[in-house]
Amino acid sequence: MLGFLAWLVLLFLCWPLALLALILYPVVWLILLPFRLLGIGVEAVFALLRAIVMLPARVLGASPGR
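Bear in mind that the values here come from a model prediction, so they are computed numbers and not experimental data. Here the residue numbering is sequential within each chain, running from 1 through the sequence in written order. With the structure being a predicted model, the display of local features is reserved for residues of pLDDT at least 70 and the display and counting of side-chain atom pairs for 80 or more, all residues being used for whole-chain, interface and lining totals. Derived side-chain values reflect all non-hydrogen atoms in the structure, with water molecules and hydrogen atoms excluded from consideration.

**Some remarks on the overall build of the protein chain**
Working step 1: Labels follow the DSSP assignment, with helices taken as runs of H or I lasting at least four residues and strands as runs of E lasting at least two, numbered in each case from the N terminus. Within the protein chain one finds two helices and zero strands.
Working step 2: Two things to know: the radius of gyration comes from C-alpha atoms, and the globule rule equals 2.2 Å times the number of residues to the power 0.38. In terms of C-alpha radius of gyration, the protein chain reaches 22 Å, well past the compact-globule figure of 11 Å for 66 residues.
Working step 3: Based on the C-alpha atoms only, the size of the protein chain along its principal axes is roughly 65 × 25 × 10 Å.
Working step 4: Exposed residues in this analysis have more than 50% of their type's maximum accessible area, buried residues have under 20%, and partly exposed residues fall in between, with area computed by a 1.4 Å probe over protein chains only. Looking at the protein chain residue by residue over its 66 residues, the buried ones come to 2%.
Working step 5: Surface exposure here means Shrake-Rupley accessible area, sampled with a 1.4 Å probe, where a residue is shielded only by the protein chains that are shown. On the protein chain, roughly 6200 Å² of surface is accessible, and the fraction owed to carbon and sulfur atoms is 81%.

**Regarding the environment of Leu 17**
Working step 1: Structurally, the position occupied by Leu 17 is in helix α2 (residues 15–59).
Working step 2: For the pair Leu 17 and Ala 44, spaced 27 residues apart in sequence, the C-alpha separation works out to 39 Å.

**Some words on the environment of Val 9**
Working step 1: Looking at where Val 9 falls in the secondary structure, it is placed in helix α1 (residues 2–13).
Working step 2: Along the backbone, Val 9 and Leu 22 are 13 residues apart, and their C-alpha atoms lie at a distance of 13 Å.

**Describing the packing of α1 against α2**
Working step 1: Here α1 crosses α2 at 140 degrees, and the two axes come no closer than 5 Å. What the angle tells us is that α1 and α2 run oblique. Together, Trp 7, Leu 10, Leu 11 and Leu 13 of α1 and Trp 15, Leu 17, Ala 18 and Leu 22 of α2 make up the contact between the two elements. Fitted lines through C-alpha atoms serve as axes, helices being fitted only where they are in contact, and the angles separating the N-to-C directions of these axes extend from 0 to 180 degrees. Every angle not falling under 35 degrees, over 145, or within 65 to 115 is termed oblique; those three ranges are roughly parallel, roughly antiparallel and roughly perpendicular. The criterion used for residue contact is that any of the two residues' heavy atoms lie within 4.5 Å.

**Some details on α2**
Working step 1: Between the first and last residue of a helix there are one fewer steps than residues, each counted as 1.5 Å, and that sum is the expected span. Between the first and last C-alpha of α2 there are 62 Å, a value that for 45 residues agrees with the 66 Å anticipated at 1.5 Å per step.
Working step 2: Given a residue, its bend is the angle between the two axes fitted to the seven residues that end at it and to the seven that start from it. Along α2, the sharpest kink reaches roughly 40 degrees, centred on Val 53 and followed within four residues by the proline Pro 56.
Working step 3: Positive backbone phi, at 105 degrees, marks Gly 61, one or two positions downstream of α2.

**Details of the packing of aromatic side chains**
Working step 1: Classification of ring pairs rests on two measures: the distance between centres of Phe, Tyr or Trp rings, Trp counted by its six-membered ring, which must be within 6.5 Å, and the angle between planes, read as stacked under 30 degrees, edge-to-face over 60 and tilted in between. A full pass over the atoms with the stated rule returns one aromatic pair.
Working step 2: With 6.4 Å between their ring centres and 25 degrees between their planes, Phe 4 and Trp 7 make a pair best called stacked. With Phe 4 and Trp 7 both in helix α1, this residue pair falls three residues apart, about one helical turn.
Working step 3: The class of Phe 4 is partly exposed, set by a relative accessible area of 48%.

Any functional reading would require information that these geometric values do not contain.
See the structure below:
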């Protein structure tokens, strides 16, 4: 909602720039999409490594958060 209100203010102040932002937003989103997917993959690998490292402690009965 805040982004929409900011766009409305931009539309009021400088409508060509607001229309350019409206057109370029999907293009930028598509360009950044592979980086988001890469970030999800890296986060999953780190979660897997953390689970592997913590496995001996969990097997021995330590509960997480203590």
